[in-house]
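Reading the structure
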Amino acid sequence: NARLHAVASTSNERAVAFAGQYNAPHMFGSYEGLLTCPNLDVVYIATPHHGHAENTITLLEKGIPVLCEKPLAINGQQVAGMIAAARRHDTYLMEALWTRFLPKMQKILELIEGGAIGRIQAVKADFGFQKDFDPTNRVFDPKQGGGSLLDVGIYPILLSQLLLGKPVTVKALARIGPTHVDETCAMLFQYADGELAMLDSAITTVTPCEALIFGTEGTLKIHARWHEPGGDLTLTRSDGTEPQQFSFEREYIGYRYEAQAVMEDLAAGRTENALIPLQFSQDVMDLMDNVRREIGLRYEGIDV
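Quick look at the structure, then. (Residues numbered from 1 in each chain as written. Predicted model: local features only at pLDDT ≥ 70, side-chain atom pairs only at ≥ 80, totals over all residues. Heavy atoms only, no water.)

1. Some points on the state of the cysteines
The full count for this structure, using the stated rule, is zero disulfides. Note on Cys 37: no disulfide assigned, nearest cysteine sulfur contributed by Cys 68 at a separation of 19 Å. (Disulfide = S-S within 2.5 Å.)

2. Looking at the packing of helix α4 (residues 103-113) against helix α5 (residues 148-164)
Contact geometry of α4 with α5 gives a least axis separation of 12 Å together with a crossing angle of 30°. Classified by chirality, the crossing of α5 by α4 is right-handed. Taken together, the residues of α5 that come into contact with α4 (itself represented by Met 105, Leu 109 and Ile 112) are Leu 159, Leu 162 and Leu 163. Across the contact of α4 with α5, the residue classes break down as six nonpolar, no polar and no charged. (Axes fitted to C-alpha atoms, helices over the stretch in contact; angles between N-to-C directions. Helix = DSSP H or I, 4+ residues; strand = E, 2+ residues; numbered from the N terminus. Left-handed = near helix turned anticlockwise from the far one by under 90°. Contact = heavy atoms within 4.5 Å. Nonpolar A, V, L, I, M, F, W, Y, C, P; charged D, E, K, R; others polar.)

3. Focus on the sheet that holds strand β3 (residues 43-45)
The three strands lie next to each other as β3-β4-β5, forming an open sheet whose pairing is parallel. Looking at strand neighbours, the two that pair on one side only are β3 and β5 (93-96), the edges of this open sheet. In this sheet, neighbouring strand axes are inclined to one another by 20° on average, regardless of whether the strands run parallel or antiparallel. Bridge count between β3 and strand β4 (residues 66-69): three bridges; the pairing is parallel. Counted as the bridge partner of Val 43 is Val 66 from β4. Contacting β3, β4 and β5, helix α2 (residues 52-60) runs over the sheet at an angle of about 180° to β4. (Pairing = 2+ DSSP bridges.)

4. Points about the sheet that holds strand β8 (residues 182-190)
Strand order across the open sheet formed by eight strands is β7-β8-β9-β6-β10-β11-β12-β13, with mixed pairing between neighbours. Of all strands in the sheet, those bounded by a partner on one side alone are β7 (169-176) and β13 (244-248). If you compare each strand with its neighbour and ignore which way they point, the axes differ by 10° on average. Sheet analysis places strand β12 (residues 231-237) next to β13, joined by five bridges and oriented antiparallel. Considered in β13, the bridge of Gly 231 is made with Phe 248. Strand contacts of α5: β6 (120-128), β8, β9 (196-202) and β10 (211-215), with the helix running at about 160° to β9, the strand carrying the most contacts.

5. Notes on the environment of Leu 102
With respect to the helices, strands and loops of the structure, Leu 102 is situated in the loop between β5 and α4. Residues Leu 102 and Arg 256, 154 residues apart in the sequence, show an inter-C-alpha distance of 9.2 Å.

6. Some details on helix α6 (residues 256-268)
Taking 1.5 Å per residue as the helical rise, α6 with its 13 residues ought to reach 18 Å, and the 18 Å between its terminal C-alpha atoms agrees with that figure. Those residues of α6 that sit buried are Tyr 257, Glu 258, Ala 261, Val 262 and Asp 265. An end-on view of α6 places all buried positions within 140° of arc, on one side of the element. Those residues of α6 that are exposed and aimed more than 90 degrees away from the buried face are Glu 264 and Ala 267. Contacts made by the buried residues of α6 are with β4, β5 and α4. (Expected span 1.5 Å × (residues − 1). Buried < 20%, exposed > 50% of the residue type's maximum accessible area, 1.4 Å probe, protein only. Arc of directions from axis to C-beta.)

7. Digging into the pairing of β5
By the bridge criterion, four bridges tie β4 to β5 in an arrangement that is parallel. Directly across from Leu 67, in β5, lies its bridge partner Met 94. Taken together, β4, helix α3 (residues 76-88) and β5 constitute a β-α-β crossover, and its handedness is right-handed. (Right-handed = clockwise from strand over helix to strand, strands pointing away.)

8. A few points about the pattern of salt bridges
Enumeration according to the criterion identifies 10 salt bridges in this entry. Linking Arg 138 and Asp 151 is a salt bridge whose minimum nitrogen-to-oxygen distance equals 2.6 Å. Taken as a pair, Arg 138 in the loop between β6 and α5 and Asp 151 in helix α5 lie far apart in primary sequence, 13 residues in all. Judged by relative accessible area, Arg 138 falls into the partly exposed class, the value being 32%. Judged by relative accessible area, which is 6%, Asp 151 ranks as buried. (Salt bridge = Lys/Arg side-chain N within 4 Å of Asp/Glu carboxyl O.)

9. A few points about the packing of α2 against α3
Between α2 and α3, the shortest axis-to-axis distance is 9 Å and the interhelical angle comes to 10°. By the angle class used here, α2 and α3 are roughly parallel. Where α2 abuts α3, its residues His 52, Ala 53, Thr 56, Ile 57 and Leu 60 lie against Gln 78, Gly 81, Met 82, Ala 85 and Ala 86. Its residues assigned to classes, the contact of α2 with α3 shows six nonpolar, four polar and no charged. (Parallel < 35°, antiparallel > 145°, perpendicular 65-115°, else oblique.)

10. Examining the environment of Ala 53
Its location among the elements puts Ala 53 in helix α2. For the pair Ala 53 and Arg 292, spaced 239 residues apart in sequence, the C-alpha separation works out to 19 Å. Here Ala 53 is in contact with Leu 72, Ala 73, Gln 78 and Met 82, once residues within four sequence places are set aside.

Following this line, the structure appears as structure tokens:
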């Protein structure tokens, strides 16, 4: 029940090529051009991190709904400004934390809420990939919000935030590379009742991309790659019963679930999503700001 209606790029050539490949009837060689597009229902923003806030606010001020790729912005101050714009103009905004909408994630929450592993005591999750060093690439460029934390560290943080909420103590260490961004980051969070989250991210080394949720009565293991659709989930109970395996088909790339959620919200007249409300996105970014303070990471020209 959706179609690609328009494409906007900073390059007219790229816009034309993309629109041709995916049969979009409208194309623009600037982001501003999109504001003139007729019959536009919602815009998905997939620009580099440092452009998210400006791109989003420009659209919201024209009353155009936005699904903005993660991270929603570079820092908490920017996110607060985006949320304020959405509410000021009574216009839809959601952060594209696609993992939250996967059927696998719904099953995990169902098992936990049903008491399958008892009370959660700890969460362990990682996401690391290896990128050849290129100081001009966005993942290594501090001017574009580079580094592992914002690019992939947000996934383990999403899981910890979803399961445990806001931590009371945040500790972090990072390997800062030659371009002054975090190439690897290790995070340790503690919560009000003593629960722990042990999280890792990397852009220069491959990690298992697994997640473990430890409870008083059992453990849930989300097998690699834990943040994607498909794959396996193993429930191991402490009472020694046979582990249960849950398998999920990878029917699609995975973004369709969040897209469907946005469409349902817009059809119902909602201005934010129940699974990823705006306050959740603010809390996640505030937490990442705390991590950056711990590891001494600043984005010159962006942070204030």
